[in-house]
Amino acid sequence: MGGMEEALAGGDFRTEIDDVTGAVHTGSGDIIRVEKVELAALRAADALRGLLATDEKLHDELLMVLRQLSALQAQLGEWKELHHILHEVSAAFSPFYASLYALDRAEAGSVDWRTLLRGWRPCQTEVDRLADFESRVEHIRGSLRREGVGASRPDWGARIGSLQRGMEERLREEHSDWNSPHSAEGLMDLADEFNQACDCYLNLADWELRRVIERVQRLYASFVGGLL
């Protein structure tokens with residue numbers, strides 16, 4: 001075991017959760033107990049409740065800030081989940097996409113289309129997950145609508161789902177049509193569009209994640225900065 005590993009093994013740098021006791025690292029070189037943090041939080045909450053009970057304006061302002069933080073946290077969670085699902089869609093599609101490019105260089109009659117169809121299944125599963133996510137997404141769609149940008153951005157699930165259906169229709173054509181160069185070219189065109197759509201929405205989700213994080217940090221700094 002190396003020096004760094006020995007230091008980590010010998011130190012109490014664990015963050016414990018719920019009713020498990022342990023230590024918390026503050027990020028500044030100090031270690032404090034979880035119980036101490038919880039006790040300080042309870043005392044601060046009691047003092048704050050007493051103060052808010054006598055100051056209605058402060059109560060309303062604090063409530064507004066906390067609601068905004070809660071909304072941003074919910075948006076952050078949904079953008080993170082969307083980014084993850086899109087990444088999984090892209091990862092599942094990559095082997096199939098590579099197989100299509102190999103197909104483009106092969107003789108039409110030598111292509112094993114049934115194997116190609118089986119290679120599509122993992123991607124189909126991930127696109128179904130994307131459709132499920134879109135059916136229950138709430139916070140980020142509402143945020144985009146309030147900002148007036150929702151109508152200018154096609155839904156990721158609708159666009160990718162449409163391309164998915166087109167791909168599957170091509171893959172399920174009669175075997176005689178599968179071996180036609182025209183059918184292969186059409187499938188390649190759809191695959192290119194699918195790949196481009198995945199990249200586009202991955203970049204969008206990444207950008208939105210960064211934007212929400214920045215807003216959370218700004219709000220947090222405005223709210224807590226004066227207390228530190």
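J.: Now, about the pattern of salt bridges: what can you tell me, with residues and values included?
T.: Taken as a whole and assessed by the stated rule, the structure comprises seven salt bridges. With a shortest N-O distance of 2.3 Å, Asp 46 and Arg 49 are connected by a salt bridge. One end of the pair is Asp 46 and the other is Arg 49, both in helix H2 (residues 34-53) and three residues apart, which spans about a single turn. A network of salt bridges, in which partner residues are shared, links Glu 81, Asp 132 and Arg 136.

J.: Lay out the confidence of the model for the protein chain with the relevant residues and their values.
T.: Reading fine detail from the predicted coordinates is not recommended where pLDDT is low. Residue-level pLDDT values for the protein chain average 76, and 69% of them are 70 or greater. At the level of individual helices and strands, the protein chain shows its lowest average pLDDT in helix H1 (residues 3-10), which scores 42, and its highest in helix H3 (residues 56-104), which scores 88. Segment residues 1-18 is flagged for pLDDT under 50; beyond a separation of four residues in sequence, or across chains, it makes 15 contacts in the model.

J.: Lay out helix H6 (residues 156-171) in plain terms, naming residues and giving numbers.
T.: Here H6 spans 22 Å end to end across 16 residues, near enough to the 22 Å set by a 1.5 Å rise per residue. When we look at burial in H6, the residues that qualify are Trp 156, Gly 157, Ile 160, Gly 161, Leu 163, Gln 164, Gly 166, Met 167, Glu 168 and Leu 171.

J.: So what's going on with a negative patch on the surface? Residues and values would help.
T.: A contiguous patch of negative charge on the surface is contributed by Asp 55, Glu 56, Asp 60 and Glu 61. Take Glu 56: its relative accessible area is 64%, and that puts it in the exposed class.

Definitions and limits used
Residues numbered from 1 in each chain as written. Predicted model: local features only at pLDDT ≥ 70, side-chain atom pairs only at ≥ 80, totals over all residues. Heavy atoms only, no water. Salt bridge = Lys/Arg side-chain N within 4 Å of Asp/Glu carboxyl O. Helix = DSSP H or I, 4+ residues; strand = E, 2+ residues; numbered from the N terminus. pLDDT = per-residue confidence, 0-100. Contact = heavy atoms within 4.5 Å. Expected span 1.5 Å × (residues − 1). Buried < 20%, exposed > 50% of the residue type's maximum accessible area, 1.4 Å probe, protein only. Patch = residues over 30% accessible without salt bridge, like charges linked within 9 Å, V, L, I, M, F, W, Y side chains within 5 Å. Areas by Shrake-Rupley, 256 points an atom, 1.4 Å probe, with all protein chains shown as cover. Lys, Arg positive; Asp, Glu negative; His and termini not counted. Charge placed at Lys NZ, Arg CZ, Asp CG, Glu CD.

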